[in-house]
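# Per-entry structural report
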Amino acid sequence: MEPYIVFRDVYKRYQMGEVTIVAADAVNFEIEKGEFAVISGASGAGKTTVLNMLGGIDNCDEGDIIVDDKRVSALAESQMIQYRRMDIGFVFQFYNLIPNLTAGENVELASQICESDLGAADVLSSVGLRERVDNFPSQLSGGEQQRVAIARALAKKPKLLLCDEPTGALDYATGKKILGLLQQTCKRQNMTVVLITHNTAIAPMANRVIRMRNGSVVSADINPSPVSAERLEW
Amino acid sequence: MRLKAQIKDTYREILRSRERFISILLITFLSVGFFVGVKATAPSMRTTAENYFNAASLMDLEIISTVGFDDGDAEAVRALEGVAEVMPSYSADLIVLEDAGNSVARVAALPDGGGEGTLNRIKLVSGRMPEKPGECVAAAYNMRGADVAVGDVIRFSETAGSAATDTIISGTSYTVVGLIETPQYFSYSYGTSSIGNGTILYYIMLPACEFMYTRYTELYIALDRAPGASAFDPRYGADISRTAARIGDVGLVRYDLFLNGIQARLNDAQDEFNEQKTSADRQLADAKLRLEESARELAQAREEIAAGWEEYDRSVLETEAGLKKAEADLAAAKAELAGGEAQLAAAQAQYDAGTAQLMEARAGLDSGWRQYYAGEAEYQRKEREYGEGLAQYREAREEYDQAKNAYDVASEAVALAEQALDGGEIDQAEAESLYEQALAALEAYENSGGADPEMLDQLRAQVQAAAERMLNAEDREAQAREELENAKAQLAVYDAQLKEAEAELNAAEQQLAQARIQLDEAAAQLGDAREELEGGEEEYAANRAQLDDARAQLQANRTKLDAAKSDLAAGEREYAQQKLSAPARLAEAKTELEAAEEQLAAGQDEYDAGYADYLGAAAEAQSSISDGRSRIQNIRDMFSSVESGKWYAFSRDDIILSYAGLDQDAQRIDAIAAIFPVFFVLVASLVCLTTMSRMIDEQRVQIGTYKALGYSSAQISGKYMVYSAAACMTGGVLGQLICIQLLPRVIIGAYSTLYRLPDIEIVIPWSMSALSMLAALLCTVMAAWYSCHRELKVTTAALMRPKMPRGGKRIFMERWTKLWRAMSFSQKITARNLLRYKLRLLMTVLGISGCMALIVAGLGMHDGVNPIVDKQYGEINRYKIMFTLSRDLTRGEADALGRRLAADGRLSGEMFSKIRSVDVDGNGEDIHNVFVFTPQDAARIDRMISLRSPEDGSPLRLGDEGVIITDKLAQVLGAGAGDMVAFSADGERYTLPVAAIAENYIYHYIYMSPALYEETFGAQVKFNTIACAAGEGMTDFDGFAADWLSKDSSILSISNVDSARKSFDETIRSINIIIFVMLIAAGALAFVVVYNLTNINISERTREIATIKVLGFRHGETNMYIFRENFVMGALGILLGSVIGCFLARFMLKTVEVDMVRFVRSIAASSYVYAALLTAFYIVSVNLLMTRRMRGISMVESLKAIE
């Protein structure tokens, strides 16, 4: 059986004037279902490119991206939208909540577009924000906003939860709490979580750690004993 | 260097954010361009007109005087300060004869030479100038239906109003050899005239020598003017009135001189007259002498006639006496005759008595004869009776004889029967004997013992036969006996009968004898009577002869009397004849006398005539003197009264049609131009503000960096101010360049149906141009500065951090929980977003409402303008044909003509009316050309003109208590029902109450009932027009018109309402051009606003859009996430725009409305619908354009850090 997520010789090149930047240079890795995978690397290592391609936000120029036996790399635009809509939950570094919508409404924004939606209030309470349903993002702290973002991603019951530096804009403690929430979600819901970070300190909590440098995968290790998020230190 | 770097930075910034730059540029382009473009229209219009007038040296003043002018007057005016040029000229209105009716032409003199220095220079458009007598030039531009071409022959009527044409111009027929343009008429109308139907259709120019006038009819004057001074300047008006006043003063002096000249001539005339008078006096004296002589002769003749009359009287008396005598003679003869007649009558009576006696005798005789004849008849009857009795007797005798015969026969029969009986007895006896013999034989035989049986039987048979024979004989005897008995009985009967007959016979014999005796007696009597009668007869005959004699005598007497009578009759005839002839003779005598008298009278008449002549001559002489005196008196009066000795000066405004109208049109366009900034400048500044603040928001970090690097606030904000100023300047300059060239041409072009203007000269309104640029710059730069300033207040460190996104807020709508819950999720988002950016909402709604309002106003104007022609000529004026009469008809004449019109199947009704043009006193300004309309019958005016209330269309009644005025007039006057309306006609002022206001669109009318007319003007109403409705048979209007014009000389012209309607229609529709400009402007406004704001919206929310794309929103969903807001704003804008548009349309209609026209004030619902659809179309178009931009937003944006 094929692994749940497969990247096989994936290339992504950007043309910047006369210079061609190879953002993804023969990326190869696999992630199994239910794993908590961390892709780490320095800035410009190509991890965001990989995440974008995995999340259907960007196309690859070459190679295969397979998610749950679906060749994402070969999807047409409308199929790609459908893929994002049904299969992907995205958590942004800057939360990207709609400022003009309450926490509950932000969750609803996602849940209303997919079939198997969960109640916004339920999802929010699952991330511990039952009381903040009617608050606007500006009334929430960064951690709370990120929780709302996670709730928004989870509301769609995605196959994959993709997180782009979810702790990047958060302080240490809050970041750890968010990581804990993600780990918990992964375990409880058997959700496949892919998290990118430049912070190598997060790696120990992952089932699988993929390290990247200059657009290529340097190593892909399976961590047989991931530590819990609370015990991370950085 | 620093500055250079900054300029470079700004330049790059512009290139980088082209869309932003262009949006500011466009809105400035539109607002400044439209405003300045429309503002340039009025000055361009004025300048074009003015340059044209200047080039043609259009006069500034025209002077008119009741007595005309001479060269001295012209010189005097020329000598005045401020007067540059004076050109005397002639003009007159004449009637042109045409097939379809008569029209009025204004005929003016061509300036001599036509070279430099003359005024009102004409321009030859085609053909040539007149070179020979009988040639003329005509104005090339005319109202429709009065086109003139080179080669046309203009024929003038013999008379023009009260004047004869040959007192005005030398000929009556002129050939058009050229077409011209004159600056005096630059509209398509030549105004009105006091003659004909009042509308001048042609403008004809003739060489001045063709005019028969000895004095000029007008002076054209040009003023000294500073170069470049405008005739539309108020100072020009002041110059005009100052010069006019001076000219008025000169006029007084010149008038005096004129009068002096007249007086001198009058003095000469008087001298001449005096001379003539002396000779006339002499002649009169001679005539007087002659008259006296003839008076004497007349007296003599009169005496003779008197003698004649005396004789006549005498002979009358004589004749009378003679007649009387004859009368007496006749009477005597008559009396004699009467005596004879009486005698005759007595004789006659005697004769009559005799006759009567004779007649009596005759009657007696006749009765005797009758008795005699009766007796004779009786005798004859009796004789016949006797005859009859004889016959009876004879008959009885016959009967008797017959009976005797019968008796004889019967007795014979008895005898026979006795004989037979006797015979029978013999037989019996024989038979008995035979029997006895037989028996005896038998016995014999028996006894004989004869026993032979046969012998016995035979014997027995013999006995038997004998017995039988004996028995038969016995029977026959019995029978005979019986027969005898019978015969005897018969005989007895006959015997009785015979006896009876015998008795009868005897009786008859007796009777007969008696009758014989009587008869004989009667015969004797008859004979006596006859004798007696015959004696009577003889006596009668004798008497008769006697009477006949008497009769003859009587006859003779009568004959004699008749002769006498005829004699008398002859006498009487003679008398009668005499009696008749006597008067004839007398009459003859009388006639002779009368003839003499007539002669006398003739003589008298002659004398009288001579006398009258004498008197007339005397009176004439007298009146000539008094004429002269009154003329002198008039002149003296004029001297004393300044008023009547005035010259009248008219300015261009007064005298050139549409001159004032052009200025007013220009003002109207200016007023419309003022509307544009209301929306455009407001929206433009809002657009700039949001655009710039957005830009500065985006470049927050950069600003912070500059600030951190040590740039001053001014330097930092300078960049953005330069940026915005550059956009604004570029847009403004481009807009002005294009719109100033384009808009005046389009708008003035629309007026080309009203004014005949040369090519448009664009005047750039520099001050407006600069001002609008400045305003636009101020708006944009201020917006830039303000946005910058707001940011720069914050500390540098804060600037370096990303700006905290504006927090979401609960909106007021959420308080209505029910409503909020009922809204869908996307509706909630839209509502929140709309209210989140209030400025943008306001701006978009304003921009869209501006667009909507402009479209509504444009369509509303269309609604207001286009139906009026149909309403006026279809609903209000129901007549289709208008007759103009050459003179006013009385009611009787109108009725007669009306009956003839009614008989024409091509018409279906007619109404005579009186139309009078009056001036109404408006608020400080006279309203000219108001028509007082008086129908033949006030109650039936609605057949031809629908008088109805403008509010609800209910019909109005034209009563005698007041006038009905049309609504536009009421509006101009500010008058309503119950107010008074004052107007002047023929120099008199009248004030009447207004009874009601009537709906009307074209021209002003005052409707007045005939009774009120008569009460007001104190004269019977006479009719000068006929309004007619066309009937079924009206197929060929020209034929109809020609028919009636030839039929009736009182018809001056016949016009078809449809042609008037058509030309008015075309004129009024020129406004549609303005509407078109407005639609374009509206579209541009909507486009720019919606495009710009959507652009800002999208760029501000790029992150949001990218995020929802990442979330998996489809294209449509993503688009709607933004555009739904636009649609809501669009809807709001349309709603607001409908309200604003309604007011705007009203304002514009009021502004654009021409003097004599009223537009429809209501905007059709469909116009709102179309406007809304058009606005929606603009919004949707912009949104469709923006979808590309939406698609272009990369999802990667969502991952970027907040700047």
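### Some details on the overall build of chain B
On a plain count of helices and strands, chain B comes out with 24 helices and 22 strands. Considering chain B as a whole, with its 1203 residues, one finds that 44% of them fall into the buried category. Intrachain contacts of chain B at a sequence separation of at least 6 include 83% that bridge at least 24 residues. With the model as given, the accessible surface of chain B reaches about 60,600 Å², and the carbon-plus-sulfur share is 55%.

### Describing the overall build of chain A
If you tally the helices and strands in chain A, you get 6 helices and 10 strands. A total of 234 residues make up chain A; the buried ones form 58% of that total. Pairs at least 24 apart in sequence give 71% of the contacts found in chain A among residues at least 6 apart. Put simply, chain A shows about 9,400 Å² of open surface, and 45% of that area lies on carbon and sulfur atoms.

### What about the sheet that holds strand β2 (residues 19-31) of chain A?
Adjacent strands of a sheet form backbone hydrogen bonds with each other and so pair up, either parallel or antiparallel. All names here are of chain A. Overall, antiparallel pairing links the 4 strands, which are arranged β2-β1-β4-β5 in an open sheet. This sheet does not close on itself; its edge strands, each paired only once, are β2 and β5 (70-71). Direction of pairing for strand β1 (residues 5-16) relative to strand β4 (residues 62-67): antiparallel, over a ladder of 5 bridges. In the strand pairing of β4, Y11 is matched with E62. Along the sheet, helix α1 (residues 47-54) makes contact with β1, β2 and β4, crossing β1 at roughly 115°.

### Here's the deal with a negative patch on the surface
All names here are of chain B. A surface patch of like charges, here negative, comprises E395, E398, E399, D401, E500 and E504. Looking at the negative patch, the elements with two or more residues in it are α4 (234-447) and α5 (453-640). Counting residues per element, the negative patch draws most heavily on α4, which supplies 4 residues. The residue E395 is located in helix α4 in this model. With relative accessibility at 48%, the residue E395 sits in the partly exposed group.

### Things to note about the pattern of salt bridges
When the charged atoms of two side chains with opposite charge come close together, those side chains can pair. Residues and elements named next belong to chain B. Scanning the model with the defined rule gives 47 salt bridges over all chains in all. When the shortest N-O distance is used, the salt bridge between E1104 and R1101 registers 3.5 Å. Accessibility expressed as a relative area gives 8% for E1104, which makes it buried. The exposure class of R1101 is buried, given its relative accessible area of 1%.

### Some words on the interface of chain A and chain B
Listed by partner, the interface residues are 31 residues for chain A and 32 residues for chain B. Taken over both partners, the interface formed by chain A and chain B buries close to 2,900 Å², and the fraction arising from carbon and sulfur atoms is 60%. Viewed at the interface, chain B and chain A are joined by 3 salt bridges. The set of elements that each furnish at least two residues to the side of chain A that touches chain B consists of α1, α2 (77-87) and α3 (103-111) of chain A.

### Topic: the environment of A74(A)
Residues and elements named next belong to chain A. Turning to its location among the elements, A74 is positioned in the loop between β5 and α2. Owing to a relative accessible area of 47%, A74 belongs among the partly exposed residues under this scheme. Between the C-alpha atoms of A74 and G63, which are 11 residues apart in sequence, the distance is 9.5 Å.

### Let's talk about the packing of helix α9 (residues 700-709) of chain B against helix α10 (residues 713-750) of chain B
Residues and elements named next belong to chain B. The interhelical angle for the contact between α9 and α10, taken along N-to-C directions, is 140°, at an axis separation of 9 Å. Between α9 and α10, the crossing angle belongs to the class labelled oblique. Of α10, the residues touching α9 (which contributes Q702, I703, Y706 and K707) are I716, K719 and Y720. Here the contact of α9 with α10 is built from residues that sort into 4 nonpolar, 1 polar and 2 charged.

### Structural notes on unusual backbone geometry
Non-glycine residue N190(A) carries a positive phi angle of around 50°. Since its relative accessible area comes to 43%, N190(A) is described here as partly exposed. Of note, Y1003(B) is a non-glycine position whose phi angle comes to about 70°, a positive value.

### Regarding the sheet that holds strand β9 (residues 208-213) of chain A
Residue and element names in this part refer to chain A. Spatial ordering of the open sheet is given by β6-β7-β8-β3-β9-β10, a layout of 6 strands whose pairing is mixed. Strand pairing shows two members of the sheet lacking a second neighbour, β6 (88-91) and β10 (216-222), which therefore form its edges. Strand-to-strand twist in this sheet, taken as the mean axis angle between neighbours without regard to direction, amounts to 15°. Direction of pairing for β9 relative to β10: antiparallel, over a ladder of 6 bridges.

### Things to note about the packing of aromatic side chains
Aromatic ring pairs are defined here through the distance separating the ring centres and the angle between the ring planes. All names here are of chain B. Enumeration over the complete set of coordinates arrives at 28 aromatic pairs over all chains. Look at Y1005 and Y1007: their rings are 5.6 Å apart centre to centre, the planes differ by 20°, and that puts the pair in the stacked class. Side by side, Y1005 and Y1007 carry an identical accessibility label, which is buried. Every member of this aromatic cluster is reached through a ring pair, and the members are F931, F933, Y1003, Y1005 and Y1007. Over the ring of Y540 we find R362; its NZ or CZ atom is 4.4 Å from the centre of that ring.

### Side note on the environment of E385(B)
Its place among the elements puts E385(B) in helix α4. For E385(B) and L512(B), which are 127 residues apart along the polypeptide, the C-alpha to C-alpha distance reads 9.6 Å.

### Side note on the pairing of strand β3 (residues 91-96) of chain B
For a regular strand, side chains alternate in direction, first toward one face of the sheet and then toward the other. Residues and elements named next belong to chain B. Burial within β3 is extensive, with 6 of its 6 residues counted as buried. Where burial is concerned, the two faces of β3 agree: the one with S91, D93 and I95 and the one with A92, L94 and V96 are both buried. Two strands pair when backbone bridges link them, and β3 and strand β4 (residues 103-110) are joined in this way by 6 bridges, in the antiparallel orientation. The partner of L94 across the bridge, within β4, is A105.

### Details of the environment of L195(A)
Residues and elements named next belong to chain A. Residue placement: L195 occurs in strand β8 (residues 192-197). Since its relative accessible area comes to 0%, L195 is described here as buried. With 158 residues separating them along the chain, L195 and A37 place their C-alpha atoms 6.2 Å apart. If near-sequence neighbours (up to four positions away) are discounted, L195 is found in contact with F36, A37, V38, I39, C163, P166, L179, L182 and I202.

So, how was this worked out
- Residues numbered from 1 in each chain as written.
- Chains lettered and ligands numbered in written order.
- Predicted model: local features only at pLDDT ≥ 70, side-chain atom pairs only at ≥ 80, totals over all residues.
- Heavy atoms only, no water.
- Helix = DSSP H or I, 4+ residues; strand = E, 2+ residues; numbered from the N terminus.
- Buried < 20%, exposed > 50% of the residue type's maximum accessible area, 1.4 Å probe, protein only.
- Contact = heavy atoms within 4.5 Å.
- Areas by Shrake-Rupley, 256 points an atom, 1.4 Å probe, with all protein chains shown as cover.
- Pairing = 2+ DSSP bridges.
- Axes fitted to C-alpha atoms, helices over the stretch in contact; angles between N-to-C directions.
- Patch = residues over 30% accessible without salt bridge, like charges linked within 9 Å, V, L, I, M, F, W, Y side chains within 5 Å.
- Salt bridge = Lys/Arg side-chain N within 4 Å of Asp/Glu carboxyl O.
- Lys, Arg positive; Asp, Glu negative; His and termini not counted.
- Charge placed at Lys NZ, Arg CZ, Asp CG, Glu CD.
- Buried area = accessible area lost by both parts, 1.4 Å probe.
- Parallel < 35°, antiparallel > 145°, perpendicular 65-115°, else oblique.
- Nonpolar A, V, L, I, M, F, W, Y, C, P; charged D, E, K, R; others polar.
- Phe/Tyr/Trp six-rings, centres within 6.5 Å; stacked < 30°, edge-to-face > 60°.
- Lys NZ or Arg CZ within 6 Å of the ring centre and 35° of its normal.

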